[in-house]
Amino acid sequence: MIQRYNQCFVLNTANTTYSFQVMETGHLQHLYYGRKITICSEESAQALVEKQAFAPGNLNVYDDEHKNFSLEDIRLEMSSYGKGDIREPFIEVVHADGSYTSDFLFEKAEIREGKTEFTTLPGSYDEEGKVEELCVTLRDKEYDLTLELYYNVYPDCDVITRRAKLLNDSGETVKLLRLLSMQIDFDTPDYVFTTFNGAWAREMRRNDVRVTAGKHVNSSYTGTSSNRSNPFVMLSKAETSEDYGECYGFNLIYSGNHYEAVEVSSFGKTRIVTGINPQSFCFVLEPGENFETPEAVMTYSCKGFNGMSGHMHQFVRQHIVRGEWKNKIRPVLLNSWEASYFDINERKLLNLAKAGKDAGIELFVMDDGWFGERNDDTSSLGDWDVNKKKLPGGIAGLCEKVKALGLELGIWVEPEMINVKSRLYEAHPDWVLQIPGKGHSEGRNQRILDLTKTEVQDYVITKMSEVFSSADIAYVKWDMNRTFTDYFSDSLPAQRQGEVAHRYMMGLYRCMKELTERFPHILFEGCAAGGNRFDLGILCYFPQIWASDDTDALCRAEIQNGYSYGYPMSVVSAHVSSCPNHQTLRITPLETRFNVASFGVCGYECNFCDMKSEEIEIIKQQIALYKEWREVLQTGNFYRGRSFRVNGNYNAGSCLENGEGNCMEWTCVSQDGKKAVGFLMQKLVVPNSRYHYYKAKGLLPDAEYHFYNRELKYNVKEFGDLVNTVAPIHVKQDSLLHNMIAKFVKMDGEKEDLHAYGDTLMYNGVRLKQAFAGTGYDDQVRYFQDFGSRIYFMEAE
């Protein structure tokens with residue numbers, strides 16, 4: 001609900017309040033954002049207003065009529081340079097006279113039902129159109145510029161979004177060097193700024209920085225939202241934990257270069273800003289033109305990181321993801337990439353598809369290598385015509401045969417890219433982002449199509465439409481495997497080259513919007529060398545994103561845990577792959593690989609044709625189990641428990657006797673609270689440490705649950721020559737006799753089966769059957785090796 005009390009504005013969600021007021025000077029003063037409080041009049045808000053009688057020394061006052069304060073020491077809704085505030089600005093404009101000074105003052109405000117749609121960028125939405133909006137208009141009268149600040153309130157999610165639009169109402173050209181999406185000033189320092197950083201194959205590693213002075217920046221200059229620095233960030237207090245304490249979450253509905261900065265002023269005030277990265281950004285606005293910013297998302301919880309994450313998860317599911325697949329259960333897929341890489345043909349693909357069908361797979365995905373002369377990554381991107389040597393019947397012929405097996409067909413594309421070794425480059429070398437006549441720095445032997453050009457966008461839309469309509473395609477994996485270099489478009493004059501990165505994003509969004517609207521039945525999955533473009537902008541078009549090219553179960557547990565802070569697991573695509581893992585060469589249990597992947601949108605990426613029959617049988621059981629529980633896992637509420645982090649750092653592998661940093665713990669609970677799946681993973685075995693527990697979250701306290709595990713059997717070879725402690729004759733390791741015994745003798749795993757109330761499972765947890773500790777093994781002992789894991793099931797009775 002949005003209320004105006006004279007010059008005071010109050011935005012309430014179910015559990016939070018956001019407030020600001022118009023100062024005598026016309027500037028907007030931020031008053032409060034946090035736990036819901038009562039503000040029912042302008043007078044009742046005065047407790048939130050900082051009182052200032054005299055400006056501090058060595059500061060500049062705004063004007064002679066207001067010498068009691070300086071803008072440098074005021075909490076502001078937006079800021080600019082030139083009038084006293086020297087902190088991070090919200091906007092930077094170079095005027096026609098060369099001045100950098102801006103002074104935007106309140107002109108009017110309008111509260112309305114429904115959301116004003118921006119024309120150049122995607123944004124949040126409400127299916128019933130009932131979202132409330134506040135539009136505050138500010139004006140720089142010295143230069144005839146208008147700045148509109150938009151606030152939209154999603155009460156049930158405890159989310160408020162912000163964005164801005166600058167209108168050039170003057171008769172002169174101006175240069176926009178910066179226009180961010182959100183700014184909040186807090187009146188105290190000592191916040192912990194949490195960012196999620198990494199690189200290819202190690203995305204979303206949580207980093208906490210206590211900001212007590214100066215500035216800390218989280219940003220991307222890769223042309224994408226990037227695996228280096230995700231746009232989702234948090235502010236919290238040092239004492240905040242997963243379930244207790246104050247936490248703010250912020251994200252940006254944008255897929256390009258972004259910028260988040262936290263700055264503590266000389267007077268102990270903390271400012272956070274988010275928006276487009278101002279690095280190398282310069283947008284020229286002619287008279288009558290305007291510029292729209294991406295939409296920033298913000299939420300607050302007094303119930304720790306899990307409370308904040310719950311708000312973000314609900315918001316993404318309800319107000320970001322859209323289309324036919326918004327609430328639809330996702331199929332279990334088998335992707336051909338790690339089974340074949342580029343070496344594919346129809347025979348190999350069909351054999352793999354048939355093996356997948358026999359195991360319970362529902363969707364078969366043909367990855368890279370099906371078009372042009374694509375036998376490696378050096379050629380054919382841009383030439384989206386089927387290689388008839390590999391697929392004699394084309395995509396349509398393969399699709400018909402795959403569907404005859406009872407499967408749906410999906411394909412891989414990389415529409416934004418081009419190889420120099422391609423027919424498209426030979427015909428249109430000017431369609432590439434590169435500096436004419438200068439050397440170009442490539443990534444993965446490919447270059448980037450210039451999507452600032454309408455004709456290039458049209459080509460992508462037309463060519464992809466031909467591919468997608470060539471057969472009954474059910475799924476498309478849209479990849480993007482490099483970052484930007486040499487930002488330059490020959491379609492723009494020299495003074496507009498600072499617009500390239502943003503104009504590229506607008507062009508990309510046009511392509512994605514057009515294609516997803518033309519093909520609403522297709523399940524699109526975003527990918528960018530894994531998680532190099534995992535953001536809310538992509539999720540406005542694609543309901544799920546490939547989280548990382550790293551499918552190692554240990555790495556994936558950490559990566560998925562990182563994503564869970566800002567994104568629901570229903571948008572995180574996760575696959576079970578072979579071992580040794582192709583990215584790390586680590587060997588992890590097949591059961592753990594499945595357990596980790598099942599908490600995302602689960603699929604498989606391994607060669608079923610080469611796997612042992614015993615492994616295939618295990619996979620059959622896994623897929624059947626996932627199908628039984630995937631509604632809970634894909635639509636339920638996700639909660640984090642313990643993690644591999646110790647005091648803000650990841651445990652590098654030490655065996656901690658108290659288990660801290662050695663266990664990962666998750667719970668996913670159905671919307672009605674009656675069903676739940678729990679996850680417990682151990683990083684390394686700690687010698688002579690038998691005790692483990694699992695503690696659930698999000699259950700109904702007064703409901704009685706049946707708690708049980710999946711009963712497993714283990715290969716006797718896993719126990720090495722300990723078999724000789726019970727065998728009547730000596731068994732040599734890996735001998736014919738050993739292998740014969742392993743074929744017929746399986747070791748029973750432990751059985752967990754009990755009934756307990758939700759409050760017991762949450763506040764006390766379950767003391768599990770003891771782990772193997774070197775003193776004996778039977779069906780009352782848990783076989784829990786390095787990287788071992790369990791999933792537990794809870795059903796209300």
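These notes cover the structure that comes with them. Keep in mind that what you see is a predicted model, and the values were worked out from it rather than measured.

1. Topic: the overall build of the chain
- Within the chain, the regular secondary structure consists of 13 helices and 42 strands.
- Here the C-alpha coordinates of the chain stretch approximately 100 × 65 × 45 Å along the principal axes.
- The buried share of the chain, reckoned over its 797 residues, is 62%.
- If you take every contact in the chain between residues at least 6 apart in sequence, the share linking residues at least 24 apart comes to 72%.
- Of the roughly 29900 Å² of accessible surface on the chain, 49% is carried by carbon and sulfur atoms.
- Computed over 86 positive and 112 negative side-chain charges, the separation of the two mean positions in the chain equals 4 Å.

2. Topic: the pattern of salt bridges
- Applying the stated rule across the entire model yields 55 salt bridges.
- One salt bridge in this structure joins Glu77 and Arg162, with 3.3 Å as the shortest N-O distance. Of this pair, Glu77 sits in the loop between strand 4 (28-35) and strand 5 (91-94) while Arg162 sits in strand 9 (residues 159-168), placing them 85 residues apart in sequence. The pair Glu77 / Arg162 is uniform in exposure class, with both members buried.
- Between Asp85 and Arg271 there is a salt bridge, and its shortest N-O distance comes to 3.0 Å. Residue Asp85 is located in the loop between strand 4 and strand 5, and its partner Arg271 is located in strand 17 (residues 270-276); the two are separated by 186 residues in the primary sequence. Exposure class is identical for Asp85 and Arg271. Each is buried.
- It is possible to trace a salt-bridge network through shared partners that takes in Asp383, Asp385, Arg423, Lys463 and Glu466.

3. Comments concerning the packing of aromatic side chains
- Inspection of every chain in the model, using the stated rule, returns 55 aromatic pairs.
- Chaining the aromatic ring pairs together yields one cluster made of Phe9, Tyr18, Phe20, Tyr33, Phe106, Tyr151, Phe186, Tyr191, Tyr248, Phe250 and Tyr300.
- Between Arg163 and the ring centre of Phe118, over which it is positioned, the NZ or CZ distance is 4.4 Å.

4. Some points on a nonpolar patch on the surface
- Taken together, the side chains of Leu736, Met740, Phe744 and Val745 present a nonpolar region at the surface, about 450 Å² in accessible area.
- By the secondary structure assignment, Leu736 is in helix 12 (residues 736-744).
- On the basis of relative accessible area, Leu736 is assigned to the exposed category, the value being 69%.

5. Topic: helix 3 (residues 346-359)
- Taking 1.5 Å per residue as the helical rise, helix 3 with its 14 residues ought to reach 20 Å, and the 20 Å between its terminal C-alpha atoms agrees with that figure.
- Taken as a whole, helix 3 has its buried residues at Glu346, Leu349, Leu350, Leu352, Ala353, Ala355, Gly356 and Ala359.
- Of the surrounding secondary structure, the elements contacted by the buried residues of helix 3 are strand 21 (333-335), helix 2 (337-340), strand 22 (363-366), helix 4 (394-404) and helix 11 (613-635).
- Sitting at the head of helix 3, Asn345 places a side-chain oxygen 3.1 Å from the backbone nitrogen of Arg347.
- Phi turns positive, to about 110°, at Gly360, one or two residues after helix 3.

6. Regarding the sheet that holds strand 4
- Spatially, the four strands line up as an open sheet ordered 1-2-3-4, and their pairing is antiparallel. The open sheet has two edge strands with one neighbour each: strand 1 (2-5) and strand 4. For this sheet, the mean angle separating the axes of adjacent strands, direction not counted, is 15°.
- Two elements, strand 2 (residues 8-12) and strand 3 (residues 16-22), share five bridges in a ladder whose sense is antiparallel. Considered in strand 3, the bridge of Cys8 is made with Gln21.

7. Points about the environment of Gly774
- Position of Gly774 among the secondary structure elements: in the loop between strand 41 (766-767) and strand 42 (789-796).
- Look at Gly774 and you get exposed, because its relative accessible area is 55%.
- Sequence separation between Gly774 and Asp377 is 397 residues; the distance between their C-alpha atoms is 49 Å.

8. Examining the side chain of His313
- Within the element layout of this structure, His313 appears in helix 1 (residues 304-319).
- One polar contact links the side chain of His313 to the main-chain carbonyl oxygen of Tyr567, over a distance of 3.2 Å.
- Those residues in contact with His313 that sit more than four places away from it in its chain are Ser564, Gly566, Tyr567, Pro568 and Phe638.

9. Digging into the side chain of Gln560
- Inspection of the secondary structure puts Gln560 in helix 9 (residues 553-563).
- At 3.1 Å, the side chain of Gln560 and the backbone oxygen of Val596 are in polar contact.
- Look past the residues within four positions of Gln560 in its chain and what remains in contact with it is Met569, Val572, Ala574, Val596, Gly600 and Trp666.

10. A word on the sheet that holds strand 34 (residues 663-669)
- Here six strands make up an open sheet; going across it, the order is 31-34-35-42-37-40 and the pairing antiparallel. Looking at which strands have only one partner, the edges of the open sheet turn out to be strand 31 (637-640) and strand 40 (753-757). Taken pair by pair, the neighbouring strands of this sheet meet at an average axis angle of 20°, ignoring direction.
- Sheet strands touched by helix 9: strand 31, strand 34 and strand 35 (675-682). Its angle to strand 34, the strand with the most contacts, is close to 55°.

Thresholds applied
- Residues numbered from 1 in each chain as written.
- Predicted model: local features only at pLDDT ≥ 70, side-chain atom pairs only at ≥ 80, totals over all residues.
- Heavy atoms only, no water.
- Helix = DSSP H or I, 4+ residues; strand = E, 2+ residues; numbered from the N terminus.
- Buried < 20%, exposed > 50% of the residue type's maximum accessible area, 1.4 Å probe, protein only.
- Contact = heavy atoms within 4.5 Å.
- Areas by Shrake-Rupley, 256 points an atom, 1.4 Å probe, with all protein chains shown as cover.
- Lys, Arg positive; Asp, Glu negative; His and termini not counted.
- Charge placed at Lys NZ, Arg CZ, Asp CG, Glu CD.
- Salt bridge = Lys/Arg side-chain N within 4 Å of Asp/Glu carboxyl O.
- Phe/Tyr/Trp six-rings, centres within 6.5 Å; stacked < 30°, edge-to-face > 60°.
- Lys NZ or Arg CZ within 6 Å of the ring centre and 35° of its normal.
- Patch = residues over 30% accessible without salt bridge, like charges linked within 9 Å, V, L, I, M, F, W, Y side chains within 5 Å.
- Expected span 1.5 Å × (residues − 1).
- Polar contact = N/O pair within 3.5 Å; in protein donor to acceptor, adjacent residues only side chain to side chain.
- Pairing = 2+ DSSP bridges.
- Axes fitted to C-alpha atoms, helices over the stretch in contact; angles between N-to-C directions.

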